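One-letter residues, chain by chain:
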Amino acid sequence: MDKIVIHGGARLQGELQVLGAKNAALPLQCAALLGDGPTTFRHVPRLSDVQTMNQLLVGLGCAVEGDRTLMIDPTGVQDGPKEAPYELVKTMRASVTVMGPLLGRHGFARVSLPGGCAIGARPIDQHLRGFEALGAKIRMSHGYVEVKAKRLKGARINFDMATVGGTQNVMMAASMAKGTTVLENAAREPEVQELAIVLGKMGAKIAGAGSSTIEIEGVDNLQGIDHAILPDRIEAGTFAIAAAITGGDLLLLDAPSAHMHAVIAKLEEAGAECRVEPGGLRVIGPDELAPIDLVTRPHPGFPTDMQAQMMVLATLARGQSVITETIFENRFMHVPELCRLGADIHVNGNVAVIRGKARYTGSIVMATDLRASACLVLAGLVAEGKTEIRRVYHLDRGYETIEKRLRKVGAKIRRYHGAPS
Ligand SMILES: CC(=O)N[C@H]1[C@@H](OP(=O)(O)OP(=O)(O)OC[C@H]2O[C@@H](n3ccc(=O)[nH]c3=O)[C@H](O)[C@@H]2O)O[C@H](CO)[C@@H](O)[C@@H]1O
Ligand SMILES: C=C(OP(=O)(O)O)C(=O)O
């Protein structure tokens with residue numbers, strides 16, 4: 001297993017290219033299943049999750065080629081198994097997003113139930129409720145869920161909560177249903193909008209993505225297309241915090257600032273300077289960080305995927321910050337590890353009270369999930385001495401060669417292969 005070693009204290013300066021978004025790429029890879037011919041994606045991030053999705057697609061009968069430019073040909077799926085097996089779903093929950101396109105296009109899908117995950121229970125009841133409303137029959141057995149329908153029929157679906165994956169899954173199924181579907185209380189995340197753009201290019205008729213009501217008029221068939229993937233707002237936000245906490249100056253090339261208002265607002269509140277420039281977003285760290293309070297919310301609120309990283313910033317501010325997590329019930333797994341490095345954080349339910357200003361000292365720490373890993377990298381950047389992060393396979397799910405890219409802007413960070421777990 002790999003480990004990452006950081007010698008803290010370097011100020012980050014220079015330009016960093018923001019790569020394609022993991023959370024856009026994964027549902028788009030699934031959307032390729034809907035096309036009559038091959039789809040090509042550009043600016044695809046080289047991430048283990050993207051590879052896992054490719055593996056799943058190949059298992060379904062797709063031909064998949066390339067990586068940064070990725071071609072997916074779904075022609076062979078017609079005769080394939082239409083199944084997402086446990087071994088893949090357990091490593092990547094986004095696997096369940098093949099259900100909608102398989103059901104919409106082929107009338108059947110069998111997907112392993114994802115079960116819990118490090119950050120929470122994460123049920124898929126809303127996905128299934130949506131499919132059922134479209135006329136699918138649902139059956140659970142042997143840890144798998146089967147969804148089946150001859151031809152889906154458009155319906156009005158009001159989600160109990162704004163679910164990103166649920167909205168995407170049902171949107172894909174509905175794009176090939178007979179008649180009109182209206183999704184109410186739909187998720188408004190940019191990655192939902194991105195999926196609607198891609199489905200639209202493929203020939204789907206979708207209006208309202210980006211608002212909480214999405215209308216989909218089903219069509220009989222969809223085409224393969226060519227599309228460049230949206231840059232990653234979470235990667236950009238993580239690097240922005242790296243600049244802010246190291247007193248650095250980073251220009252984040254192609255950062256999707258228009259989708260980052262809530263994160264930029266908190267960075268500015270903490271005293272960082274954020275400037276939208278023609279090439280991207282420039283972030284300059286202040287001499288001293290101010291405390292911040294935040295509550296995670298569905299988009300356009302503060303994203304839960306930035307909560308752990310922003311907590312590192314809060315620990316370094318002079319004064320008390322309060323962070324409330326409302327999306328996932330167990331997303332404070334990074335707190336004990338940050339405390340081992342020197343943070344003063346008290347958690348009560350879904351509220352973390354952070355007393356600054358931490359003086360981090362390097363140690364061995366364990367990554368527990370993707371964004372927890374990113375927050376440990378950030379803490380390592382400012383810790384005195386050496387920080388060793390283990391289980392970095394979590395990090396590789398969502399950040400492409402983070403150590404190489406941070407090294408280019410001045411960080412003293414290296415990856416070692418084959419470390420103990
Ligand atoms: C691959 C991907 O895009 N992942 C993102 C996606 O995850 P994902 O799509 O899994 O997250 P959801 O938006 O569905 O989850 C939001 C909340 O709704 C709950 N819920 C969801 C569906 C359901 O059927 N029932 C239910 O109770 C979840 O447990 C969670 O508490 O959005 C999350 C929230 O922005 C992000 O943190 C993830 O990075
Ligand atoms: C929670 C995340 O991803 P996933 O939904 O794929 O687990 C994330 O990207 O932070």
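Analysis parameters
Residues numbered from 1 in each chain as written. Chains lettered and ligands numbered in written order. Predicted model: local features only at pLDDT ≥ 70, side-chain atom pairs only at ≥ 80, totals over all residues. Heavy atoms only, no water. UniProt positions renumbered as here; feature names shortened; annotations may be inferred. Near = heavy atom within 4 Å. Areas by Shrake-Rupley, 256 points an atom, 1.4 Å probe, with all protein chains shown as cover. Helix = DSSP H or I, 4+ residues; strand = E, 2+ residues; numbered from the N terminus. Nonpolar A, V, L, I, M, F, W, Y, C, P; charged D, E, K, R; others polar. Pairing = 2+ DSSP bridges. Polar contact = N/O pair within 3.5 Å; in protein donor to acceptor, adjacent residues only side chain to side chain. Buried < 20%, exposed > 50% of the residue type's maximum accessible area, 1.4 Å probe, protein only. Contact = heavy atoms within 4.5 Å. Domains from an automatic or database assignment. Buried area = accessible area lost by both parts, 1.4 Å probe. Salt bridge = Lys/Arg side-chain N within 4 Å of Asp/Glu carboxyl O. Axes fitted to C-alpha atoms, helices over the stretch in contact; angles between N-to-C directions. Right-handed = clockwise from strand over helix to strand, strands pointing away.

An unreviewed UniProt entry lists the chain under the name UDP-N-acetylglucosamine 1-carboxyvinyltransferase, from Nannocystis pusilla. Looking at the Sequence similarities (unreviewed entry) heading of the UniProt record, one finds this comment for the chain: "Belongs to the EPSP synthase family. MurA subfamily." Word for word, the UniProt comment on the chain under Pathway (unreviewed entry) is "Cell wall biogenesis; peptidoglycan biosynthesis."

A word on the site of ligand 1. In the vicinity of ligand 1 there are 18 residues, among which Gln-126, Thr-163, Gly-165, Asp-305 and Ile-327 approach most closely. Across the complex, the protein chains shield 84% of the 740 Å² of accessible surface that ligand 1 would expose by itself. Elements with a minimum of two residues in the shell around ligand 1: helix 5 (125-133) and helix 6 (164-174). The greatest single-element share of the shell around ligand 1, amounting to three residues, is contributed by helix 5. Tallied by class, the residues present in the shell around ligand 1 amount to eight nonpolar, six polar and four charged.

Strand order across the open sheet formed by four strands is 6-7-9-8, with mixed pairing between neighbours. Of all the strands in the sheet, the pair left with one neighbour each is strand 6 (83-84) and strand 8 (137-141). The sheet contact formed by strand 6 and strand 7 (residues 108-112) spans two bridges and is parallel. Within strand 7, the residue paired with Glu-83 across the bridge is Arg-110.

In the neighbourhood of ligand 2, the contacting residues comprise Lys-22, Asn-23, Ile-119, Arg-122, Asp-305, Arg-331, Leu-370, Arg-371 and Arg-397. In the model, an oxygen atom of ligand 2 is placed 2.9 Å from a nitrogen or oxygen of the Lys-22 side chain. Between ligand 2 and Arg-397 there is a distance of 2.8 Å, counted from an oxygen atom to a side-chain nitrogen or oxygen. For ligand 2, the protein covers 88% of the area, taking 300 Å² as the surface of the free molecule. For the shell around ligand 2, the secondary structure elements donating two or more residues are helix 1 (22-31) and helix 12 (370-382). Per-class residue counts for the shell around ligand 2 are two nonpolar, one polar and six charged.

As annotated in UniProt, the feature "binding site: phosphoenolpyruvate" (unreviewed entry) corresponds to Lys-22 and Asn-23 in the numbering used here. In this structure, Lys-22 sits in helix 1. Take Lys-22: its relative accessible area is 7%, and that puts it in the buried class. Look past the residues within four positions of Lys-22 in its chain and what remains in contact with it is Pro-45, Leu-47, Asp-49, Asp-232, Leu-370, Arg-371, Arg-397 and Gly-398. Mapped onto the elements of the fold, Asn-23 is located in helix 1. Overall, Asn-23 belongs to the partly exposed group, its relative accessible area being 27%. Discounting residues that sit within four places of it in the chain, Asn-23 has contacts with Gln-168, Glu-191 and Asp-305. In terms of polar contacts, Asn-23 uses its side chain to reach the side chain of Lys-22, at 2.8 Å.

It is worth spelling out the domain arrangement of the chain at this point. Each assigned domain of the chain is listed here: domain 1 (3-19 + 231-416) and domain 2 (22-228). Distance from the C-alpha centre of domain 1 to the C-alpha centre of domain 2: 30 Å. The interface of domain 1 with domain 2 comprises 23 residues on the first partner and 19 residues on the second. When domain 1 packs against domain 2, the two sides together hide about 1,700 Å² of surface, and 51% of this comes from carbon and sulfur. Considering only the surface of domain 1 that becomes buried against domain 2, His-299, Arg-397 and Glu-400 emerge as the three largest contributors, covering 34% of it. Here Arg-397 ties to Asp-49 by a salt bridge, and the two come within 3.0 Å at their closest N and O atoms. Where domain 1 meets domain 2, there are twelve residue pairs in polar contact (both at pLDDT 80 or more). Among the elements of the structure, helix 12 and helix 13 (393-396) are those that each provide at least two residues to the side of domain 1 that touches domain 2. Here the side of domain 1 that touches domain 2 is composed, by residue class, of eight nonpolar, five polar and ten charged.

Within the open sheet, the four strands sit side by side as 2-15-17-16. Their pairing is mixed. Each edge of the sheet is formed by a strand with only one pairing partner; in this case those strands are strand 2 (13-17) and strand 16 (273-277). For this sheet the average axis-to-axis angle between neighbouring strands, irrespective of direction, equals 20°. Pairing geometry for strand 16 and strand 17 (residues 280-284), over five bridges, is antiparallel. Residue pairing in the sheet places Glu-277 in a bridge with Gly-280 of strand 17. Across the sheet, helix 8 (residues 233-245) is in contact with strand 2, strand 15 (249-253) and strand 17; its angle to strand 15 comes to roughly 170°.

Take the pairing of strand 23 (residues 386-390) next. Burial analysis of strand 23 places four of its five residues in the buried class, the great majority of the element. Pairing of strand 1 (residues 3-7) with strand 23, which is carried by five bridges, proceeds in the antiparallel orientation. When the bridges of strand 23 are listed, Lys-3 appears paired with Arg-390. As paired elements, strand 22 (residues 364-366) and strand 23 share three bridges and run parallel to each other. Opposite Met-366, over in strand 23, you have Arg-390 as the bridge partner. Between the parallel pair strand 22 and strand 23, the chain is carried across by helix 12, and the sense of this crossover is right-handed.

In the numbering used here, UniProt assigns the "modified residue: 2-(S-cysteinyl)pyruvic acid O-phosphothioketal" (unreviewed entry) feature to Cys-117. Residue placement: Cys-117 occurs in the loop between strand 7 and helix 5. Accessibility expressed as a relative area gives 28% for Cys-117, which makes it partly exposed. Residue contacts for Cys-117: discarding those within four places in its chain leaves Arg-93 and Arg-122.

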